[in-house]
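# Commentary on secondary and tertiary structure
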Amino acid sequence: FSNYSFVSCILVTISRSAALDGGLFLLPFLLQEQMGFSEGVSGLLILPNSVFMAALMPFAGRWSDKHGSREISMLGIALLAVSMYLFSLLNKGSSINAVIITMIVRGLGMGLLVAPLNAATLSAVRPVEVTMASSISTLMQQVGGAIGIAVLAIVTQAAYNEHVLAGMSNLPAHHLALRQGFRISLIILVVTLIPAWFLPRRNVTLKPVSAHIDT
């Protein structure tokens, strides 16, 4: 953790996991409860996210190897923030096309972020530290996701209670609470751009220092 570049990668990993996992937790409530889609249709609507993410990851990996991870990671985070804003705009009257476009934007952001961030994390340490760095990164990803889900669940429930106590009916109150949750995810992602700016400009693996033995 004394490695400046590695800490920057870990901070990005934690905050993006908090925002994305928290937003993903809210997504079924939006698609099924608010927009009226069935479980099967909701699953199919999430599919473009995975397709575009898988399609872009090889390109993003090659780009980060040649040009570094900073710019492409920041672009991915920005697209994810845009997707959270688009999620906050969806409502019962939104079309399927609006949902698909939002999922595509999210998939593009994920595709541009995941591989470069992983590459930056592993290239920020010496070869003998790669295993430990990978383990820490995975752990922080899980911790960040758990924190994001917990925080957004508490925030949306508190917002829902506030709207209900103000006299609003159940469905509109929950929709406003979900909107607030997505916008908090948006804010987290925007803040994530700060540590992302300190990602290494070039993914160069540090070589271990050789020991000198006097004979």
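Residues numbered from 1 in each chain as written. Predicted model: local features only at pLDDT ≥ 70, side-chain atom pairs only at ≥ 80, totals over all residues. Heavy atoms only, no water.

### Details of the overall build of the protein chain
Applicable threshold: Secondary structure follows DSSP: runs of H or I at least 4 residues long count as helices, runs of E at least 2 residues long count as strands, and numbering of each begins at the N terminus. For the exposure calls, accessible area comes from a 1.4 Å probe over protein chains only, and a residue counts as buried if that area is under 20% of its type's maximum, exposed if over 50%, partly exposed in between.
When its secondary structure is counted, the protein chain shows six helices and zero strands. The order of α-helices and β-strands along the protein chain, N terminus first, is α-α-α-α-α-α. On the principal axes, the C-alpha backbone points of the protein chain span a range of 85 × 35 × 25 Å. Put simply, the protein chain has 215 residues, and 43% of those count as buried.

### Some points on the packing of helix α3 (residues 70-89) against helix α4 (residues 96-123)
To be explicit about the condition: For helices, the fitted axis covers only the stretch in contact; all axes are lines through C-alpha atoms, and the angles between them, taken along N-to-C directions, range from 0 to 180 degrees. Roughly parallel means an angle under 35 degrees; roughly antiparallel, over 145; roughly perpendicular, 65 to 115; everything else is oblique. Crossing handedness: left-handed means the near helix sits turned counterclockwise from the far one by under a right angle, and right-handed means the same turn made clockwise. Contact definition: two residues touch when any of their heavy atoms are within 4.5 Å. For this classification, the nonpolar set comprises Ala, Val, Leu, Ile, Met, Phe, Trp, Tyr, Cys and Pro, the charged set comprises Asp, Glu, Lys and Arg, and every other residue, Gly included, is treated as polar.
Where α3 contacts α4, the axes come no closer than 7 Å and their chain directions differ by 155°. One element, α3, and the other, α4, form an angle in the roughly antiparallel class. Seen along the crossing, α3 lies across α4 with a hand that is left-handed. Across from I72, S73, L75, G76, I77, L79, L80, V82, S83, M84, L86 and F87 in α3, the residues of α4 making contact are T102, M103, V105, R106, L108, G109, M110, L112, L113, P116 and L117. Its residues placed into classes, the contact of α3 with α4 shows 17 nonpolar, five polar and one charged.

### Considerations on helix α5 (residues 130-165)
Put simply, the rule is: Multiplying one less than the number of residues by 1.5 Å gives the expected span of a helix.
End to end, α5 covers 52 Å across 36 residues, agreeing with the expected 52 Å (1.5 Å per residue, within 8%). Within the span of α5, buried status applies to A133, I136, S137, M140, G144, G145, G148, L152, T156, A159, Y160 and H163. Contacts from the buried residues of α5 go to α1 (4-34), α4 and α6 (170-196). G167 sits one or two residues past α5 and shows a positive phi near 105°.

### Section: the environment of G93
Mapped onto the elements of the fold, G93 is located in the loop between α3 and α4. In this structure G93 comes out as exposed when scored by relative accessible area, which is 70%. In sequence terms G93 and G167 are 74 residues apart; their C-alpha atoms lie 23 Å from each other.

### Notes on the confidence of the model for the protein chain
For clarity, the cut-off: On a scale of 0 to 100, pLDDT captures the predictor's confidence in every residue.
With 93% of its residues at a pLDDT of 70 or more, the protein chain has an overall mean of 88. Under a pLDDT of 50 for its full length, residues 205-215 has, in the predicted model, 13 contacts with residues more than four places off or in other chains.

### Here we look at a nonpolar patch on the surface
Rules: Like-charged residues are merged into a patch within 9 Å and nonpolar side chains (Val, Leu, Ile, Met, Phe, Trp, Tyr) within 5 Å, provided each residue has over 30% relative accessible area and no salt bridge. Methods summary: accessible areas were calculated by the Shrake-Rupley approach with a probe of 1.4 Å, and residue burial reflects only the protein chains presented. Salt bridge, as used here: a side-chain nitrogen of Lys or Arg that lies within 4 Å of a carboxyl oxygen of Asp or Glu.
A surface patch of nonpolar side chains, about 660 Å² in accessible area, is lined by Y4, I187, V191, I194, W197 and F198. The dominant element in the nonpolar patch, judged by the number of residues it contributes, is α6, at three residues. Note on placement: I194 falls in helix α6. When its relative accessible area of 55% is taken as the criterion, I194 is described as exposed.

### Re the packing of α1 against α3
Relative to each other, α1 and α3 sit at 25°, their axes nearing to 11 Å. If you check the angle between α1 and α3, you find them roughly parallel. The way α1 lies across α3 gives a crossing that is left-handed. Contact residues: V12, A19, L20, G23, L27 and L30 in α1; I77, L80, M84 and F87 in α3.

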